[in-house]
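# A structural walkthrough
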Amino acid sequence: MIRIQNLTKVFKTENSPFTALENVSLHVESEDIYGIIGMSGAGKSTLVRCINLLEEPTFGEIHIAGQCVFRHTISENSENSAQNEKIRLVGRDLLELRREIGMIFQSPNLLMQRNVEENIGFPMEVAGVPKEKIQKRVNELLELVNLQEKARNYPSQLSGGQRQRVSIARALANTPKILLCDEPTSALDSLTTNQILDLLWDINQKLRVTIVVITHEIDVVKKICNKVAVIDQTKIVEQGEIGQVLLNPCMEITRQLLMGTRGNHD
Ligand SMILES: Nc1ncnc2c1ncn2[C@@H]1O[C@H](COP(=O)(O)OP(=O)(O)OP(=O)(O)O)[C@@H](O)[C@H]1O
């Protein structure tokens, strides 16, 4: 579903170029719940933002559902212009890609002047979906995230967990195949964290949505992921099936992340 090869991201800064990702390769299969775990500053958010091209990679390849959405490779022979060619989705194709990929963040960023159902319906309004269809889909999503009773409430009247539920429903509005979650539970207490993780699990099971979860918390990975990649200082240092990586960690950083556990809430 998501195939990334040799992805490198170099930010231009005032002083000098800053490399945030180096030669990252990973393969997320359809219906995976794929965890990407690492310490602060490792490059997790940059990686997830490259997947939906919110951030333009510097080099590498990204394929989503079999389609090449980004490719910029350098040939050893710099005269070989074919290999230096850059492919990047733009315009309508980029909009379509973004509709296939929902995204949620640590802070839900809801529209404060709109109530819950208007927030959930917003991406469909932007996509020009007729009103009756929007209302039907909003009702389905309210049921999915169990917020029917809060449909007319405003974000300021909701708890952090409820706001995150609204953002999940909004991210699913246009029925994406992929849901990217950037630290979805980092601002929540452990009970609410578990409720949100249960919801993501349900979404994966019922709607067959492929999920990528960025986190620094090993408990999040343990609870819902079937695969995990460990990222450390710009590079993926370990990846595989969850049992294999957690039971036999090869790298010191994985052992450190495992020791940082808050306790298993299963
Ligand atoms: N636009 C930017 N310009 C320059 N450097 C950046 C930019 N965005 C991120 N970085 C740097 O890239 C590195 C990786 O950042 P990133 O946000 O991907 O890390 P992270 O693993 O998600 O960390 P955290 O868990 O703290 O959010 C950091 O050193 C950060 O300062």
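Preceding this paragraph is the structure being described.
I will try to describe carefully the structure that is included in this document. (Residues numbered from 1 in each chain as written. Predicted model: local features only at pLDDT ≥ 70, side-chain atom pairs only at ≥ 80, totals over all residues.)

## Here we look at the overall build of the chain
The cut-off we apply is this: Numbering of helices and strands runs from the N terminus; a helix is a DSSP stretch of H or I covering at least four residues, while a strand is a stretch of E covering at least two. For this measure, only C-alpha atoms enter the radius of gyration; the expected value for a globule follows 2.2 Å times N^0.38, where N is the number of residues. Residue burial here comes from a neighbour count, namely the number of other C-beta atoms, placed from the backbone, that lie within 10 Å of the residue's own C-beta, with 20 or more meaning buried, 12 or fewer meaning exposed, and in between meaning partly exposed. Throughout, a residue-residue contact means that the two C-beta atoms, derived from backbone geometry, are no farther apart than 7 Å.
In terms of regular secondary structure, the chain is built from nine helices and 11 strands. For the chain, whose C-alpha radius of gyration is 19 Å, the value lies close to the compact-globule estimate of 18 Å for 266 residues. Its C-alpha atoms give the chain principal-axis dimensions of roughly 60 × 45 × 35 Å. Counting every position in the chain, which comprises 266 residues, the buried fraction comes to 38%. Counted over contacts in the chain with a minimum sequence separation of 6, partners at least 24 positions apart contribute 65%.

## A word on the packing of helix 3 (residues 116–126) against helix 4 (residues 131–144)
The test is simple: Every angle, taken between N-to-C directions, lies between 0 and 180 degrees, and every axis is a line fitted to C-alpha atoms, over only the stretch in contact when it is a helix. By the definition adopted for this analysis, an angle is roughly parallel if under 35 degrees, roughly antiparallel if over 145, roughly perpendicular if from 65 to 115, and oblique otherwise. By definition, turning the near helix anticlockwise from the far helix through less than a right angle yields a left-handed crossing, and turning it clockwise yields a right-handed one. When residues are sorted by character, Ala, Val, Leu, Ile, Met, Phe, Trp, Tyr, Cys and Pro go into the nonpolar class, Asp, Glu, Lys and Arg into the charged class, and all the rest, Gly among them, into the polar class.
Remark: helix 3 packs on helix 4, axes separated minimally by 9 Å, with the N-to-C direction vectors making an angle of 130°. Compared by their axis directions, helix 3 and helix 4 come out oblique. The interaxial crossing formed by helix 3 with helix 4 has right-handed handedness. On the side of helix 3, the interface is formed by Glu-117, Ile-120, Gly-121, Met-124 and Glu-125, while helix 4 contributes Ile-134, Arg-137, Val-138, Leu-141 and Leu-142. Residue composition of the contact of helix 3 with helix 4, grouped by class: six nonpolar, one polar and three charged.

## Regarding the site of the ligand
Rules: Using a C-beta atom placed from the backbone for every residue, we mark a residue as near a molecule or strand if that atom lies within 6 Å of it.
Neighbouring the ligand are 13 residues, the closest being Phe-11, Ala-20, Ser-40, Ser-45 and Thr-46. Every element with two or more residues in the shell around the ligand is listed here: strand 2 (18–28) and helix 1 (44–51). With three residues, helix 1 is the largest single contributor of residues to the shell around the ligand. Here the residues of the shell around the ligand are counted per class, giving four nonpolar, eight polar and one charged.

## Notes on the sheet that holds strand 8 (residues 178–182)
Whether parallel or antiparallel, the strands of a sheet pair through hydrogen bonds between backbone atoms. This is how it is decided: Only strands that DSSP links by at least two bridges are regarded as paired with each other.
Here six strands make up an open sheet; going across it, the order is 7-8-9-3-10-11 and the pairing mixed. A single partner strand is all that each edge strand has here, and the edge strands are strand 7 (101–104) and strand 11 (235–241). Ignoring which end each strand starts from, the neighbouring axes of this sheet average 15° apart. As paired elements, strand 3 (residues 33–37) and strand 9 (residues 210–215) share five bridges and run parallel to each other. Paired with Tyr-34 across the strands is Val-212, a residue of strand 9. Packing of helix 5 (residues 160–171) onto the sheet brings it into contact with strand 7 and strand 8, and relative to strand 7 it is tilted by some 165°.

## Things to note about helix 4
The cut-off we apply is this: Multiply 1.5 Å by the residue count of a helix minus one, and that product is the helix's expected span. Directions drawn from the helix axis to the C-beta atoms are what define this arc.
Under the 1.5 Å per step criterion, the end-to-end length of helix 4 is 20 Å for 14 residues, consistent within 8% with the ideal 20 Å. Among the residues of helix 4, those classed as buried are Ile-134, Val-138, Leu-141 and Leu-142. Summarising the axial view, the buried residues of helix 4 lie within an arc of 100°, below the 170-degree limit, and thus occupy one face. Helix 4 presents Glu-132, Lys-133, Lys-136 and Glu-143 as exposed residues on the side facing more than 90 degrees away from its buried surface. Looking at the buried residues of helix 4, the elements they touch are helix 3 and helix 5. Asn-146 sits one or two positions beyond helix 4 and adopts a positive phi of about 60°.

## Quick notes on helix 6 (residues 190–207)
When the terminal C-alpha atoms of helix 6 are compared, their 25 Å separation across 18 residues agrees well with the 26 Å that a helix rising 1.5 Å per residue should span. What helix 6 keeps buried is the set Thr-193, Ile-196, Leu-197, Leu-199, Leu-200 and Ile-203. Each buried residue of helix 6 sits inside an arc of 155° when the element is viewed along its axis, so together they form one side. Facing away from the buried side of helix 6, by more than 90 degrees, are the exposed residues Leu-191, Asp-198, Gln-205 and Lys-206. The elements touched by buried residues of helix 6 are helix 5, strand 8, strand 9 and helix 7 (218–224).

## Concerning the packing of helix 5 against helix 6
Geometrically, a packed helix pair is captured by the angle between its two axes and the distance between the axes. Contact pair helix 5 / helix 6: the axes reach a minimum separation of 10 Å and the direction vectors enclose 15°. Between helix 5 and helix 6, the angle is such that the two are roughly parallel. Between helix 5 and helix 6 lies a crossing of right-handed hand. Residue-level inspection shows Gly-160, Gly-161, Gln-164, Arg-165 and Ile-168 of helix 5 in contact with helix 6, the latter providing Thr-192, Gln-195, Ile-196 and Leu-199. When its residues are assigned to classes, the contact of helix 5 with helix 6 shows three nonpolar, five polar and one charged.

## As for the nonpolar core
Our working definition: Here a nonpolar core is just a set of buried residues of the types Ala, Val, Leu, Ile, Met, Phe, Trp, Tyr and Cys, joined wherever their C-beta atoms sit within 7 Å.
Counting residues in each nonpolar core, the largest one holds 66 residues, and the members touching the most others are Leu-180, Cys-181 and Val-212. The residues contacting Leu-180, other than those within four sequence positions of it, are Val-48, Ile-51, Asn-52, Ile-101, Met-103 and Val-212.

These figures come from the coordinates and say nothing about function on their own.
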